[in-house]
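Spelled out, the chains give:
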Amino acid sequence: MNPTSTPQEPSFRDSVDLMFERAAALMDLPQGLREKIRICNATYTVRFGVRLRGEIHTFTGYRSVHSEHREPVKGGIRFAPAVDQDEVEALAALMTYKCALVEVPFGGSKGGLAIDPRQWDEDELERITRRFAYELIKRDLINPSQNVPAPDMGTGEREMAWIADQYRRMHTTDINADACVTGKPRSRGGISGRVEATGRGVQYSTQCFFREARDVEEAGLSQGLGGKRVVIQGLGNVGYHAAKFLSEEDGCRIVGIGERDGAIFREDGFSIEEVRAHLIETGGVKGFPGAAYVENGALALEADCDILIPAALEGVVTHANADKVKARLIVEAANGPLTAAADDMLRKKGVAIIPDMYANAGGVTVSYFEWVKNLSHIRFGRMQRRREEANSAMLIKSLEQMTGQAFPAELTERFLSGSSEIDLVRSGLDDTMRGAYGDMRELWRRREDVPDLRTAAYMIAIGRVADSYASLGI
Ligand code: GLU
């Protein structure tokens, strides 16, 4: 047991392992293989100094490789003060299972730097990031064919651009250098739709749940996503995009938002753009006009709503507050927001949970598309788009000639336009999310001993990793 675990409350890493074991117990796997899949292969710790503000500051960073059954291994790099080896290893394990579940052909990895990025200015952060990247690149822990990082908490396009540039400086003749990291800005080899991808995936996964009348009914919800009352905890990149799409496109009402400085509530729903603008301007949600405010942001988790979307840190719903959760559906946009203890309690209460390894897999799915784009050196849709348009135009003309009637004007433009990169990315992501929901659900409904979607997700992921070890002769 991990030293930070208590009998009541397992640590994040123990929670992931417990969930793994619960699923593995329902499978027919040799003990040795089960152990091989569960354990983390290696974690590299680096301590490096950077001269800043007239003195040397020492930073500690990690890159953990959980499983190399497929390469490259994949997973974000997080910048946060509480980053430590256990956290990075738990997150790397989740990456392995996540990739396997959504059929993204990567092993699992994760990196972290123990730093509060808000304490440093942009120049300083660039020097720190480049130095960290240098340490990882020289050990092939960043490499297009071996280990490909991406954004995570506290990092984004800017940091990925620095990392890619650092790699290029150290591998000047590598034609695939762009593929060493994903989540880059569009102008530096990134792909349209990567920034919104995790939030978009949360939206698609929620839509998948609501397409299944029985799942909705058993959770005690009325049919249809439109009008559902949603609470979001954490309005960072993932929470913001999920809330934006669910409210603007699916007709959900965002009735509560939890942030670092407190939580705000409004029964008739928030405009996410307005809250986001307030957050950027003031640094918090406090003082947002026309909203009820409480200082304890964690109270958002206990608010009255239909759907709760924890989109910030791991371990926010524990045995201490799980009983107070009122939502009938929890969509885990963050990694590991529920401890294993909370997960048990909520399942017994009949709360439906769309598990993290599925709900937040949109990010790595679109990362995969970006990596493929970088290796193929061509933007998606570049070859087909105009050809598709010409074909559609010809079809319209033929229909008009055959029927003697004009094609409906309001449909012409939509029908005529060929697929752009963002259309293809969204289509690929939607297809991925639908496919994975179908796989999880089929197993969950077929076997009575599979209690929930999370267990089904783990079983599918473990089965796929086991299959690839078998084909490697391990
Ligand atoms: N950090 C994201 C995650 O936890 C994305 C990882 C990636 O794109 O490689 O899934």
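Reference entry: report on the structure contained in this document. Just so we're clear, the structure is a prediction, and the values are computed from it rather than from any experiment.

### With respect to the sheet that holds strand β10 (residues 292-294)
Each strand in a sheet pairs with its neighbour through backbone hydrogen bonds, running either in the same direction (parallel) or in the opposite one (antiparallel).
Alright, step 1. Here we have seven strands laid out as an open sheet, ordered β10-β9-β8-β7-β11-β12-β13, and mixed in their pairing. Looking along the sheet, the strands with just one partner apiece sit at the ends: β10 and β13 (352-354). Across the sheet, the mean angle separating the axes of adjacent strands is 15 degrees when strand polarity is ignored.
Alright, step 2. The pairing of strand β7 (residues 229-233) with strand β11 (residues 307-310) spans four bridges and is classified as parallel.

### Section: the environment of E259
Alright, step 1. As for its position among the elements, E259 is in strand β8 (residues 253-259).
Alright, step 2. Residues E259 and A300 lie 41 residues apart in sequence; the distance between their C-alpha atoms is 8.6 Å.
Alright, step 3. What E259 contacts, discounting residues up to four positions off in sequence, is G234, L235, G236, L279, V285 and G297.
Alright, step 4. Reaching out from E259, the side chain makes a polar contact with the backbone nitrogen of L235 at a distance of 2.7 Å.

### What to know about the pairing of strand β5 (residues 107-114)
Alright, step 1. A large share of β5 lies buried, amounting to seven of its eight residues.
Alright, step 2. Bridging between strand β3 (residues 73-74) and β5 involves two bridges; their strand directions are parallel. When the bridges of β5 are listed, K74 appears paired with G108.
Alright, step 3. In this structure, strand β4 (residues 77-80) lies alongside β5, joined through four bridges in parallel fashion. In the sheet register, R78 faces β5, and the bridge partner there is G112.

### Let's talk about the packing of aromatic side chains
Alright, step 1. Tallying each qualifying case throughout the model produces 12 aromatic pairs.
Alright, step 2. Measuring from centroid to centroid gives 5.1 Å for F106 and W371, while their planes differ by 85 degrees, and the two rings are edge-to-face. Linking F106 in the loop between α3 (85-101) and β5 with W371 in helix α12 (residues 362-376), this pair joins segments that are 265 residues apart in sequence.
Alright, step 3. Judged by relative accessible area, which is 1%, F106 ranks as buried.
Alright, step 4. A relative accessible area of 13% places W371 in the buried class.

### Re the site of the ligand
Alright, step 1. In the vicinity of the ligand there are 14 residues, among which K74, K98, P151, D152 and S367 approach most closely.
Alright, step 2. With respect to the ligand, the side chain of K74 contributes an N or O atom lying 2.8 Å from an oxygen atom.
Alright, step 3. Here an oxygen atom of the ligand and a side-chain polar atom of R194 are 3.1 Å apart.
Alright, step 4. In the complex, the protein chains occlude 95% of the 300 Å² of accessible area that the ligand would expose alone.
Alright, step 5. Within the residue set of the shell around the ligand, elements represented by two or more residues are α3 and α12.
Alright, step 6. A total of three residues in the shell around the ligand trace back to one element, the largest contributor, which is α12.
Alright, step 7. Across the shell around the ligand, the residue classes break down as four nonpolar, five polar and five charged.

### Regarding the pairing of β11
Alright, step 1. In β11, alternate side chains face the same way, and those of I307 and I309 on one face and L308 and P310 on the other are all buried.
Alright, step 2. Bridging between β11 and strand β12 (residues 329-331) involves two bridges; their strand directions are parallel. What sits directly across from L308, in β12, is I330.

### Focus on the packing of α3 against helix α16 (residues 453-472)
Alright, step 1. It is the contact of α3 with α16, at a shortest axis distance of 8 Å, that shows an interaxial angle of 85 degrees. Judged by the inter-axis angle, α3 sits roughly perpendicular to α16. Contact residues: α3 offers L94, T96, Y97, A100 and L101, while α16 offers A457, Y458, I460, A461, R464 and V465.
Alright, step 2. Looking at the contact of α3 with α16, its residues break down into nine nonpolar, one polar and one charged.

Here is what the cut-offs are and how they apply
Starting afresh in each chain, residues are numbered from 1 along the sequence in its written order. Two thresholds apply to this predicted model, a pLDDT of at least 70 for residue-level local features and 80 or more for giving and counting side-chain atom pairs, whereas whole-chain, interface and lining totals are computed over all residues. Only heavy atoms go into the side-chain values, all of them from the structure, while hydrogens and water stay out. Here, a strand pair is defined by DSSP locating no fewer than two bridges between the strands. A run of H or I in DSSP counts as a helix once it spans at least four residues, and a run of E counts as a strand once it spans at least two, with each numbered from the N terminus. Here an axis means a line fitted to C-alpha atoms, over the contact stretch when the element is a helix, while the angle between two N-to-C directions is reported on a 0 to 180 degree scale. Note on definitions: a residue-residue contact is assigned when non-hydrogen atoms from the two residues lie within 4.5 Å. Any pair of nitrogen or oxygen atoms within 3.5 Å is treated as a polar contact; in protein, a donor-acceptor pairing is required on top of that, and neighbouring residues in sequence qualify only through side-chain atoms on both sides. Relative accessibility decides the category of a residue: with a 1.4 Å probe and only protein chains considered, values under 20% of the type maximum give buried, values over 50% give exposed, and everything between is partly exposed. Classification of ring pairs uses Phe, Tyr and Trp, with its six-membered ring standing for Trp, and accepts pairs whose centres are within 6.5 Å; under 30 degrees between planes counts as stacked, over 60 as edge-to-face, and the remaining range as tilted. Note on terminology: near, applied to a residue and a molecule or strand, indicates that one of the residue's heavy atoms is within 4 Å of it. All accessibility values rest on the Shrake-Rupley procedure with a 1.4 Å probe; residue burial counts only the protein chains present in the view. Nonpolar residues are Ala, Val, Leu, Ile, Met, Phe, Trp, Tyr, Cys and Pro. Charged residues are Asp, Glu, Lys and Arg, and all others, Gly as well, are polar. For classification purposes, an angle smaller than 35 degrees is called roughly parallel, one larger than 145 roughly antiparallel, one from 65 to 115 roughly perpendicular, and anything else oblique.

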